[in-house]
Structure formats: C-alpha cells, structure tokens
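Below, each chain spelled out in residue letters.
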Amino acid sequence: MEIWINPACSKCRSAISLLDAEGAEYTVRRYLEDVPSEDEIREVLDRLGLEPWDITRTQEAAAKELGLKEWARDDTSRERWIAALAAHPKLIQRPIITADDGSALVARTDDAVQEALSRK
C-alpha cells in the first residue's frame, strides 16, 4: 500500500504511527514534493469512488485565491478541479492510502486506517 502524506500534518503522522504499530508494509509518498500528475489524481479518485471536489481542502489559501468554493461541481468542471489539484497539491486532502486490493481511502481517522489495513 501507499500513503500520500504531508509530514507537517498531524493526521498523517497519526496514520503512519498506526501503520507502524500494526507492522504494515507501505510506501510513503510526500505528495507536496512528489506531486501527483493529473492522471494519478484521476486514478486515485476512481479508486476512492470520489470526485475531485470531495478531496479538496477548500479552506487553504490557494483554494480561496482560486475561488474554488464558487466552482461548479459537475462533470463539465471535473477536469478543471483535477488540474487545480495537480497544480496546487496542498489542496489535496490527506492522508490518502491506496490499498493493495485496488481501493483507496482518505485516512483521517484511526478507523479509516484500520479499514485500509483490512483491505490487504
């Protein structure tokens, strides 16, 4: 499994601690340094079963500068959202775990991390 993290994020550090405590094998992706491409974001969204606006941190300064709260949330706007996430990775909700079974989830709680562990 892979976990997308921002090391400054307490939820990310908590998820890593839990994965370590469970002895999980995983790869860390510091997505602010190793920025996901638009295709990678599309793939993760498909695995999550979510839309780009569902994983966007709309309270970030970049979101406010872009006016994301006013952007349409529909099929015609989907690519615009994905492009914004790729251009401004800080807008991506974290941590995201991609499980070995092909699924993914936003692991902001211990329960979500446990769910990822159960999907081995």
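What you see is a predicted model; the values in this text were computed from it and never measured.

Caption draft 1: The arrangement of the nonpolar core in detail. In this structure, Ile-41, Leu-48, Ile-55, Leu-68, Leu-85, Ile-92 and Ile-96 are the most contacted members of the largest nonpolar core, which totals 20 residues. Those elements giving two or more residues to this core turn out to be α2 (38–48) and α4 (78–87). Those residues in contact with Ile-96, other than ones at most four positions away along the chain, are Glu-2, Ile-3, Trp-4, Val-44, Leu-48, Ile-55, Leu-105 and Val-106.

Caption draft 2: Here's a closer look at the pattern of salt bridges. Enumeration over the complete set of coordinates arrives at 10 salt bridges. The salt bridge involving Asp-46 is made with Arg-78; its shortest N-O contact spans 4.0 Å. Separated by 32 residues along the polypeptide, Asp-46 in helix α2 and Arg-78 in helix α4 bring together distant segments of the chain. Linked by salt bridges that have partners in common, Glu-38, Asp-39, Arg-42 and Glu-79 make up one network.

Caption draft 3: Region of the structure containing the packing of α2 against α4. One way to put it is that α2 packs onto α4 with a least axis distance of 9 Å and a crossing angle of 115 degrees. Relative to α4, α2 is oriented so that their crossing is right-handed. From α2, Glu-38, Ile-41, Arg-42, Leu-45 and Asp-46 reach across to α4, where they touch Arg-78, Glu-79, Ile-82, Ala-83, Leu-85 and Ala-86. When its residues are assigned to classes, the contact of α2 with α4 shows 6 nonpolar, no polar and 5 charged.

Caption draft 4: Spatial organisation of the environment of Arg-80. When you line up the elements, Arg-80 lands in helix α4. Classification of Arg-80 as partly exposed rests on a relative accessible area of 47%. Along the backbone, Arg-80 and Glu-33 are 47 residues apart, and their C-alpha atoms lie at a distance of 22 Å.

Caption draft 5: Structural view of unusual backbone geometry. Look at the link from Arg-94 to Pro-95: it is a cis peptide, with omega at -15 degrees. Its place among the elements puts Pro-95 in the loop between α4 and β3 (96–98).

Caption draft 6: Expanded view of the packing of helix α1 (residues 10–21) against helix α5 (residues 110–118). Here α1 crosses α5 at 45 degrees, and the two axes come no closer than 10 Å. Taken together, the axes of α1 and α5 are oblique relative to one another. You can see that α1 and α5 cross each other, and the crossing is right-handed. Mapping the contact onto sequence places Ser-14, Ala-15, Leu-18 and Leu-19 in α1 and Asp-110, Val-113, Gln-114 and Leu-117 in α5. Grouping the constituent residues of the contact of α1 with α5 by class yields 5 nonpolar, 2 polar and 1 charged.

Caption draft 7: Layout of the confidence of the model for the protein. On average, the protein scores 95 in pLDDT, and the residues at 70 or more come to 99%. Within the protein, the element-level pLDDT minimum falls on α5, averaging 92, and the maximum on α4, averaging 98.

Caption draft 8: Inspection of the sheet that holds strand β2 (residues 27–30) at higher detail. Strand order in the open sheet formed by 4 strands is β2-β1-β3-β4, and the pairing between neighbours is mixed. Strand pairing shows two members of the sheet lacking a second neighbour, β2 and β4 (104–106), which therefore form its edges. Each adjacent strand pair in this sheet contributes to an overall mean axis angle of 20 degrees, direction not counted. Bridge analysis of strand β1 (residues 2–5) against β3 gives 3 bridges, and the strand direction is antiparallel. The residue of β3 that forms the bridge with Ile-3 is Ile-97. Docked against the sheet, α1 engages β1, β2 and β3, running at close to 155 degrees with respect to β1. Running at roughly 170 degrees to β4, α5 makes contact with β3 and β4 of the sheet.

Parameters and conventions
Residues numbered from 1 in each chain as written. Predicted model: local features only at pLDDT ≥ 70, side-chain atom pairs only at ≥ 80, totals over all residues. Heavy atoms only, no water. Core = buried A, V, L, I, M, F, W, Y, C linked by side-chain atoms within 4.5 Å. Buried < 20%, exposed > 50% of the residue type's maximum accessible area, 1.4 Å probe, protein only. Helix = DSSP H or I, 4+ residues; strand = E, 2+ residues; numbered from the N terminus. Contact = heavy atoms within 4.5 Å. Salt bridge = Lys/Arg side-chain N within 4 Å of Asp/Glu carboxyl O. Axes fitted to C-alpha atoms, helices over the stretch in contact; angles between N-to-C directions. Left-handed = near helix turned anticlockwise from the far one by under 90°. Nonpolar A, V, L, I, M, F, W, Y, C, P; charged D, E, K, R; others polar. Parallel < 35°, antiparallel > 145°, perpendicular 65-115°, else oblique. pLDDT = per-residue confidence, 0-100. Pairing = 2+ DSSP bridges.

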